[in-house]
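Structural characterization, general
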Amino acid sequence: MTILVTAATGHLGHLVIDSLIARGADPANIIAGARTPEKASDLTDRGVRVVHLDYDDPGSVTAAVEGADRVLLISGSEIGHRVPQHRTVIDAAAAAGVDLLAYTSCGEATTTDFMLAPEHKATEEAIHASGVPYTVLRNVWYIENYLPDALQVRETGVLNGAVGDGRVAAATRAD
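Below is a short write-up of the structure. (Residues numbered from 1 in each chain as written. Predicted model: local features only at pLDDT ≥ 70, side-chain atom pairs only at ≥ 80, totals over all residues. Heavy atoms only, no water.)

**Section: the packing of helix α4 (residues 82–96) against helix α5 (residues 117–130)**
With their axes 10 Å apart at the nearest point, α4 and α5 run at an angle of 20 degrees to one another. By the angle class used here, α4 and α5 are roughly parallel. Seen along the crossing, α4 lies across α5 with a hand that is right-handed. Only Glu119, His120, Ala122, Thr123, Ala126, Ile127 and Ser130 of α5 make contact with α4, whose side of the interface consists of Arg82, Val83, His86, Arg87, Ile90 and Ala94. For the contact of α4 with α5, the per-class residue count stands at six nonpolar, four polar and three charged. (Axes fitted to C-alpha atoms, helices over the stretch in contact; angles between N-to-C directions. Helix = DSSP H or I, 4+ residues; strand = E, 2+ residues; numbered from the N terminus. Parallel < 35°, antiparallel > 145°, perpendicular 65-115°, else oblique. Left-handed = near helix turned anticlockwise from the far one by under 90°. Contact = heavy atoms within 4.5 Å. Nonpolar A, V, L, I, M, F, W, Y, C, P; charged D, E, K, R; others polar.)

**Details of the environment of Leu72**
Along the chain, Leu72 falls in strand β4 (residues 70–73). On the basis of relative accessible area, Leu72 is assigned to the buried category, the value being 11%. Sequence separation between Leu72 and Ile90 is 18 residues, and the spatial gap between their C-alpha atoms is 10 Å. Contacts of Leu72, omitting those with residues within four sequence positions, involve Leu4, Val5, Thr6, Val16, Ala102, Thr104 and Leu137. (Buried < 20%, exposed > 50% of the residue type's maximum accessible area, 1.4 Å probe, protein only.)

**Some details on helix α3 (residues 58–65)**
Among the residues of α3, those classed as buried are Ser60, Val61, Ala64 and Val65. Along the long axis of α3, the arc covered by the buried residues comes to 125 degrees, so they all point the same way. On the buried face of α3, the contacting elements are β1 (3–5), β2 (30–34), β3 (49–52), β4 and α4. Just downstream of α3, Gly67 is the residue with a positive phi angle, here 90 degrees. (Arc of directions from axis to C-beta.)

**Topic: the sheet that holds β4**
Strand pairing in a sheet relies on backbone hydrogen bonds. The paired strands run either parallel or antiparallel. The strand order across the open sheet built from six strands is β3-β2-β1-β4-β5-β6, with neighbouring strands paired in parallel fashion. Edge positions in the sheet fall to β3 and β6 (134–139), since each has one partner strand and no second. Geometrically, the sheet is characterised by an average inter-axis angle of 20 degrees between neighbouring strands, direction not taken into account. Seen against the sheet, helix α1 (residues 11–22) touches β1, β2, β4, β5 (100–106) and β6 and runs at an angle of roughly 150 degrees to β1. The sheet strands contacting α5 are β5 and β6, and the helix crosses β5 at an angle near 165 degrees. (Pairing = 2+ DSSP bridges.)

**Here we look at the environment of Asp69**
Tracing the sequence through the fold places Asp69 in the loop between α3 and β4. The class for Asp69 is partly exposed, based on a relative accessible area of 25%. Distance from Asp69 to Leu101, taken between C-alpha atoms, is 8.9 Å for residues 32 residues apart in sequence. Leaving out residues up to four positions away in the same chain, Asp69 has contacts with Met1, Thr2, Val98, Asp99 and Leu100.

Right, here's the structure in full:
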């Protein structure tokens, strides 16, 4: 089984590949998709095949997906551009006949009023409509997202957020 991990040079993508290898996956069966493949030389050194994959370049996406049995679509970071970027990967996965497409969405993507949710909801709808077997990973907030506020917490003992009286079930990216 060959697994393509998109955004492989990002925080989550690299951790996913590290975890796959640590769990016994053959590095030769992992494809690391990266906008800048040179930034993934450490993966190449470990036997992972690194390919150019830019969500804004459909040709690179099609070439990267070719031969993959499973694809992990890590949500793009360009707010306002994600849906067409994600559709590029979804369309390539459908055309290639992948066995499974996994997508990193957000918690309660279809019901929350969180400002980023509509892009995730639209992506989930596109995946569903594609006919490709899929798994939606509804990640919540990453603990690492709070690091810029660490100084404030140290000084005040308070972590400010927009959750009101709610609770946040955050996890590290490695989790």
